[in-house]
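Structural characterization, general
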Amino acid sequence: MSQKHYLVTGATAGIGLATARSLVSAGHKVTITGRDQARLRSAAAALAEAGSGEVVSLMCDSGDLNQIRAMAQSLQQARVRLDGLVLNAGIFFPQMFSEMTEENFDQTMAVNHKGPFFSLQALLPVLNNPASVVFISSVAVRKAFASAAVYSASKAAFEGATRVLNLELAERGIRINSVRPGVTATEIQSKAGMTDEQIAGLAEAMAVQPLGRILTPADMVPAIDYLLSDASMGLRDAHLDIDGGFAL
Ligand SMILES: NC(=O)c1ccc[n+]([C@@H]2O[C@H](COP(=O)([O-])OP(=O)(O)OC[C@H]3O[C@@H](n4cnc5c(N)ncnc54)[C@H](OP(=O)(O)O)[C@@H]3O)[C@@H](O)[C@H]2O)c1
C-alpha cells in the first residue's frame, strides 16, 4: 500500500478522531485540525501512538474564514499535497424553530456549511489529482428531528453544493461523497446540553432501531475509509446512510 496524505477537520474527538486513528494505523500521513490547542495536542499525541503514519496538527476554527485561509496557506507554503480531505468538523445546538436565535442559526451555518465550503475552496491548490473529499453529513438530512431545523438545513446545504462541485472540480480529479451518520455516541450530545441521564435515555431509545443499538464512531470509519480510497473512484455525490436503519 502506498502512503497517502489525508486531512481531517475537527479531529480532536468523535468521528473525526476515529477516522484519523484508522488512517494513521494504516500507515498514512494525517493532518488534523481543531479549534482548541490543548485538545488538538492531546489528540495528536494519542494518534502518534496509534500507528506508523505521521501526524501533523493545525489549529483552525472551521467557522472562521480567516483561519481556514491561513491554514490552507501554511500547507501550501510547506508544499503539502493531499490525497483526500474529510470535512468532519460540525456542531449541533438543538433549538425549537419558534425559539431559534439568529446566533444559533449563524454559528451552525458558519461551522457546518460555510466552513466545509470555504475549506474545500482554500485547499484546492494542495489537493492532488485524483483526490477524494468526504463530507460528514447527517441522517437529519433525511429524517426530521424536532429542534434540528437549522442543523438539518446546514448539512443539506453543503450536500446541495456538492452536486455542483462534483461537476466543477471533475477536471481537477476531485470527487466528493458524503457519509450520513445516524445517532452516534460522541461528545456531540453533551456539547448539545444533554445530561448524562438524557444521553443514557437516547442510547436506550436507539435499541428499537433495526441495528438494535446506538451507533459509534467505529461504525462510520469503514465507510469513510472506503470513500477516501481508490476503491470508490467511480462514486460521485453518493450519500452513504450509516444510520442503523433509523431513517427507514
Ligand atoms: N454524533 C452524532 O450523532 C452525529 C450524527 C450525524 C452527524 N454527525 C456529524 O458528525 C461530525 C462529527 O461529530 P461528532 O459526533 O464526532 O461530534 P464531536 O465528538 O463533538 O466531534 C466534533 C469535532 O468537530 C470539532 N469542531 C467543532 N466545531 C469546530 C470548529 N468550529 N472548528 C474546528 N473544529 C470544530 C470538535 O472540536 P472540539 O473537540 O473542540 O469540540 C470535534 O473535534 C459532525 O459534522 C456532526 O454534525 C454526528
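This one's a predicted model, so the numbers in the text were calculated from it and none came from an experiment.

Take the packing of aromatic side chains next. The description of two aromatic rings rests on the distance between their centres and on the angle between their planes. Evaluated as defined, the whole model comprises 4 aromatic pairs. Seen from their ring centres, Phe117 and Phe118 are 5.1 Å apart, and the 65° between their planes marks the pair as edge-to-face. Accessibility expressed as a relative area gives 32% for Phe117, which makes it partly exposed. Taking 4.5 Å as the distance between ring centres and 55° as the angle between the ring planes, the aromatic pair formed by Phe135 and Phe158 counts as tilted. A residue pair is termed long-range when its members are at least 10 positions apart, and Phe135 in strand 5 (residues 127–136) and Phe158 in helix 5 (residues 149–168) qualify at 23 residues. Accessibility classification places Phe135 together with Phe158 in one group, the buried group.

A cis geometry characterises the amide bond from Asn129 onward to Pro130, with omega recorded as 10°. In this structure, Pro130 sits in strand 5. Even without glycine at this site, Arg79 takes up a positive phi of about 55°. With respect to the secondary-structure elements, Arg79 resides in the loop between helix 3 (65–77) and strand 4 (82–87). The backbone of Asp237 sits at a positive phi, close to 60°, despite the residue not being glycine. Mapped onto the secondary structure, Asp237 falls in the loop between helix 8 (217–228) and strand 7 (239–242). Accessibility expressed as a relative area gives 15% for Asp237, which makes it buried.

Moving on to the site of the ligand. Near the ligand you find 31 residues, and of these Thr12, Arg39, Tyr151, Thr186 and Lys191 are the closest. Between the ligand and Gly10 there is a distance of 3.1 Å, counted from an oxygen atom to a backbone nitrogen or oxygen. Residue Thr186 places a side-chain N or O atom 2.6 Å away from an oxygen atom belonging to the ligand. Out of a free accessible area of 880 Å², the ligand has 97% covered by protein chains. Looking at the shell around the ligand, the elements with two or more residues in it are helix 1 (14–25), helix 5 and helix 6 (188–191).

All right, on to the side chain of Arg180 then. Here Arg180 shows up in strand 6 (residues 174–181). Beyond its immediate stretch of four places on either side in the chain, Arg180 contacts Ser137, Ser138, Val139, Val141, Arg142, Glu159, His239, Leu240, Asp241, Ile242 and Asp243.

Definitions and limits used
Residues numbered from 1 in each chain as written. Predicted model: local features only at pLDDT ≥ 70, side-chain atom pairs only at ≥ 80, totals over all residues. Heavy atoms only, no water. Phe/Tyr/Trp six-rings, centres within 6.5 Å; stacked < 30°, edge-to-face > 60°. Buried < 20%, exposed > 50% of the residue type's maximum accessible area, 1.4 Å probe, protein only. Helix = DSSP H or I, 4+ residues; strand = E, 2+ residues; numbered from the N terminus. Near = heavy atom within 4 Å. Polar contact = N/O pair within 3.5 Å; in protein donor to acceptor, adjacent residues only side chain to side chain. Areas by Shrake-Rupley, 256 points an atom, 1.4 Å probe, with all protein chains shown as cover. Contact = heavy atoms within 4.5 Å.

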